[in-house]
Amino acid sequence: MSRSEVVERGKVIIRTSIIGIVVNILLAGFKFMVGTLSGSIAIVLDAVNNLSDALSSVITIIGTALAGKAPDKKHPYGYGRIEYLSAMIISLIVLYAGVTALIESVKTIFNPTKPDYSTVTLIIVAVAVVAKILLGQFFIVTGKKVRSESLVASGKDASFDSIISAATLVAAFIYIFFGLSVEAYLAAVIALVMIKSALEMLRDTISEILGERIDGAVSKAVKKTITEIDGVQGAYDLIFSDYGPDRVMASVHIEIPDTFTADKIDEITRQIQDRVYQEHNVAIISIGIYSVNTKDENIAAVRNSIAKVVAGHKEILQMHGFFIDFDNKDIRFDLVLDFVPDMHEIFKTTIQEVQELYPEYRIAANMDVSYSD
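Model, not experiment: these values are computed from the prediction.

Participant: So what's going on with the sheet that holds strand 2 (residues 248-257)? Residues and values would help.
Facilitator: The pairing of strands in a sheet happens through backbone hydrogen bonds and is either parallel or antiparallel. Pairing in this open sheet of 3 strands is mixed, and the strands run 1-2-3 from one edge to the other. The sheet terminates laterally at strand 1 (234-242) and strand 3 (282-292), the two strands that pair on one side only. Sheet twist, expressed as the mean angle between neighbouring strand axes with direction ignored, is 15°. Of the strand pairs in this sheet, strand 1 and strand 2 are connected by 7 bridges, and their pairing is antiparallel.

Dropping the structure here:
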């Protein structure tokens, strides 16, 4: 993503967040007034929740502004990950709002008050339901479009708010028609739903900060693009590094014939970098080379015999980078292992089995794990 695209993306997020701030402050003011006049704890808590949503939008604006800073000497990969931190803060705000609402609801259960609903009260709450549904969808759609986790988190929170407001309407009608005051219990249930939602958002955001496996479809598509370049016989060890939305960098190993010259390899690597960035918006920053034997027909037999040994261990997903130096008695290859507790022991055992098969050769093998697909 170019610098101008990053700036435009930030402007979209900030505009959307400002709309959220204005709508939430207006809703909070109306709901607080209505909740106070009617004596409805659920509506008052709903107003407080709207204020927390406005605060979330403020944090989104601050996070987006900081994340949009240009890379510098101290942070050469930019500040994009700040957006993940702002999404985590929003999750904590929602969690705090949920816990506070639960405490107040429990207090009201033990010290109940009779609400006094009017037609104006019900109309305002109904309008709030519609406003929150529209605002939530607006945030989610825009957030997914510009890949903003903060906006998506705020949108999900707004969607839950519409459920809260709708629930207060249900409680009001139950009280009006049946004389039963259930809003404190209803508010407690809603608070629990808010807490659950906040914890899920927090879990997802922390997972992104830690670094998640890239979508397998993206990994396979990038490898397909690489192997379509003339001369590339395989693409392996594709590792992605996420430095924020649309700031993905990667490294990869490619297999090419051992007859290629340095200028040919340079041409291929430049083609890979250009094409992958154009088609997938992924910056390939490092390309390793595996040399493929082309000068000895006996290599296939050796490779097949070693492949049979490797196939005997279901935890090994792949063997690649295979090369034999018959003159110096060297066999080189990489093994990709699944994430299992005893992967090092499995790797060691496999190499011993290969060494027993070819005792006169030095086995130079590397252990990789499945970072992408």
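Participant: Describe the packing of helix 4 (residues 119-146) against helix 5 (residues 149-178), and please don't skip the residues or the numbers.
Facilitator: Remark: helix 4 packs on helix 5, axes separated minimally by 7 Å, with the N-to-C direction vectors making an angle of 160°. Viewed along their axes, helix 4 and helix 5 adopt a mutual orientation that is roughly antiparallel. Helix-helix and strand crossings are classified by hand; for helix 4 and helix 5 the assignment is left-handed. Looking at the contact of helix 4 with helix 5, its residues break down into 17 nonpolar, 10 polar and 4 charged.

Participant: Summarise the packing of aromatic side chains; cite the residues concerned and give the values.
Facilitator: Under the criterion given, the structure shown has 6 aromatic pairs. Between Tyr77 and Tyr243, the aromatic rings sit 4.5 Å apart at their centres with planes inclined by 25°, giving stacked as the arrangement. Here Tyr77, found in the loop between helix 2 (41-67) and helix 3 (82-110), pairs with Tyr243, found in the loop between strand 1 and strand 2; they are 166 residues apart in sequence, far enough to count as distant. Overall, Tyr243 belongs to the buried group, its relative accessible area being 19%. Geometrically, the ring pair formed by Phe322 and Phe333 is stacked, given 6.1 Å between the ring centres and 20° between the ring planes. With a gap of 11 residues between them, Phe322 in strand 4 (residues 316-325) and Phe333 in strand 5 (residues 330-337) connect regions that are remote in the sequence. Residue Phe322 is classed as buried on the basis of its relative accessible area, which comes to 2%. Given the relative accessible area of 1%, Phe333 is considered buried. Through a chain of ring-to-ring contacts, the aromatic side chains of Phe326, Tyr358 and Tyr361 assemble into a single cluster.

Participant: Please give an account of the environment of Val99 that cites residues and values.
Facilitator: Tracing the backbone through its elements, the reader meets Val99 in helix 3. Under the relative-accessibility criterion, Val99 is labelled partly exposed at 35%. Distance in space between the C-alpha atoms of Val99 and Ile195 is 6.6 Å, their sequence separation being 96 residues.

Participant: Outline the pattern of salt bridges, listing residues and values.
Facilitator: In the structure shown here, the tally under the stated rule is 7 salt bridges. Residues Asp204 and Arg203 are paired through a salt bridge, measuring 3.2 Å at the closest nitrogen-oxygen approach. By relative accessible area, which is 35% here, Asp204 ends up partly exposed. With a shortest N-O distance of 3.5 Å, Lys314 and Glu315 are connected by a salt bridge.

Participant: Please give an account of the packing of helix 3 against helix 6 (residues 183-210) that cites residues and values.
Facilitator: Across the interface, helix 3 lies against helix 6 with an axial gap of 8 Å and an inter-helix angle of 160°. What the angle tells us is that helix 3 and helix 6 run roughly antiparallel. You can see that helix 3 and helix 6 cross each other, and the crossing is left-handed. In terms of residue class, the contact of helix 3 with helix 6 is made up of 26 nonpolar, 5 polar and 1 charged.

Participant: Tell me about unusual backbone geometry, residues and numbers included.
Facilitator: A positive phi angle, near 55°, is found at Asp237, a position not held by glycine. Secondary-structure assignment places Asp237 in strand 1. Taking relative accessible area as the criterion, Asp237 reaches 15% and is therefore assigned buried. In this model, Lys329 sits at a positive phi of 60°, which is unusual for a non-glycine residue. Considering the arrangement of structural elements, one finds Lys329 in the loop between strand 4 and strand 5.

Participant: With reference to specific residues and values, describe helix 8 (residues 262-280).
Facilitator: Counted at 1.5 Å a residue, the expected span for helix 8 with its 19 residues is 27 Å, and the 27 Å between its end C-alpha atoms agrees. Inspection of helix 8 places Ile268, Thr269, Ile272 and Val276 among the buried residues, and these make up the whole buried set. One side of helix 8 holds all its buried residues, which, seen down the axis, span an arc of 95°. In helix 8, those exposed residues whose orientation departs by more than 90 degrees from the buried face are Asp263, Arg270, Asp274 and Gln278. For helix 8, the elements touching its buried residues are helix 7 (216-227), strand 2 and strand 3. Where helix 8 terminates, the next one or two residues include Asn281, which has phi positive at roughly 55°.

Parameters at a glance
- Residues numbered from 1 in each chain as written.
- Predicted model: local features only at pLDDT ≥ 70, side-chain atom pairs only at ≥ 80, totals over all residues.
- Heavy atoms only, no water.
- Pairing = 2+ DSSP bridges.
- Helix = DSSP H or I, 4+ residues; strand = E, 2+ residues; numbered from the N terminus.
- Axes fitted to C-alpha atoms, helices over the stretch in contact; angles between N-to-C directions.
- Parallel < 35°, antiparallel > 145°, perpendicular 65-115°, else oblique.
- Left-handed = near helix turned anticlockwise from the far one by under 90°.
- Nonpolar A, V, L, I, M, F, W, Y, C, P; charged D, E, K, R; others polar.
- Phe/Tyr/Trp six-rings, centres within 6.5 Å; stacked < 30°, edge-to-face > 60°.
- Buried < 20%, exposed > 50% of the residue type's maximum accessible area, 1.4 Å probe, protein only.
- Salt bridge = Lys/Arg side-chain N within 4 Å of Asp/Glu carboxyl O.
- Expected span 1.5 Å × (residues − 1).
- Arc of directions from axis to C-beta.
- Contact = heavy atoms within 4.5 Å.

These figures capture arrangement, not role.
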